[in-house]
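Results of the structural survey
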Amino acid sequence: MDTAFLLMAMYSGRPIIPAEEVAKGFFGLTTDKFVRKVSAGDIALPLVRMEASQKCAKGVHLNDLAAYLDERRAAAVKECQQLHGKGRFG
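Residues numbered from 1 in each chain as written. Predicted model: local features only at pLDDT ≥ 70, side-chain atom pairs only at ≥ 80, totals over all residues. Heavy atoms only, no water.

A closer look at the pairing of strand β3 (residues 58-61)
The two faces of the sheet receive side chains in turn, since in a regular strand these alternate between them. As a reminder, the rule being used: By the convention used here, strands pair only if DSSP detects at least 2 bridges between them. Counting from the N terminus, the helices are DSSP H or I runs at least four residues long and the strands are E runs at least two residues long.
Summarising the sheet, strand β1 (residues 16-18) and β3 pair through three bridges and their orientation is antiparallel. Among the inter-strand pairings, Ile17 is bridged to a residue of β3, identified as Val60.

In structure tokens form, the structure reads like this:
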């Protein structure tokens, strides 16, 4: 399955997904905590700022989120294969 395509359908084709929606929907975090973790490098996602201001609207580009999710899945599959041997994953 193509993660980017699924996200496009989920977010009605919007290229930038608001940080609030990404924080809550994928990380279970408040927006402030999500932005802090991204800024600290704890979450490896580029954060798009709509203006130069620190208080401006922030979001994540759909392709960046798709790549992040695919990378996290690949890491999980690798871990599962190490624990349980080669199987249907991968």
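Now that the structure is up, let's keep going.
Concerning the packing of helix α1 (residues 3-10) against helix α4 (residues 62-84)
Put simply, the rule is: Note on definitions: angles span 0 to 180 degrees between N-to-C directions of axes, and those axes are lines fitted to C-alpha atoms, for helices only across the stretch in contact. The labels follow the angle: roughly parallel below 35 degrees, roughly antiparallel above 145, roughly perpendicular from 65 to 115, and oblique for the rest. Note on convention: near helix rotated counterclockwise from far helix by under a right angle means a left-handed crossing. Clockwise means right-handed. Pairs of residues are marked as contacts when any of their non-hydrogen atoms sit within 4.5 Å. Residues were grouped as follows: Ala, Val, Leu, Ile, Met, Phe, Trp, Tyr, Cys and Pro as nonpolar; Asp, Glu, Lys and Arg as charged; and all remaining residues, including Gly, as polar.
Orientation of α1 relative to α4, taken along the N-to-C sense of each, is 130°, at an axis distance of 9 Å. The orientation of α1 with respect to α4, classified from their angle, is oblique. Crossing hand, α1 versus α4: right-handed. Note on element contacts: α4 touches α1 through Leu62, Asn63, Leu65, Ala66, Leu69 and Asp70, opposite Thr3, Ala4, Leu7 and Met8. Among the residues making up the contact of α1 with α4, the classes are represented as seven nonpolar, two polar and one charged.

Things to note about the packing of aromatic side chains
What counts, and what does not: Centres within 6.5 Å make a pair out of two Phe, Tyr or Trp rings, where for Trp the six-membered ring is used; the pair is then stacked when the planes are under 30 degrees apart, edge-to-face when over 60, and tilted otherwise. Accessible area is worked out with a 1.4 Å probe on protein chains only. A residue is then buried under 20% of its type maximum, exposed over 50%, and partly exposed in between.
Per the counting criterion, the structure on display carries two aromatic pairs. When the centroid spacing of 5.3 Å and the interplanar angle of 40° are considered together, the rings of Phe27 and Phe34 count as tilted. In this structure Phe27 comes out as partly exposed when scored by relative accessible area, which is 23%. In textbook terms, an aromatic cluster arises when at least three aromatic residues are bridged by ring pairs, as seen for Phe27, Phe34 and Tyr68.

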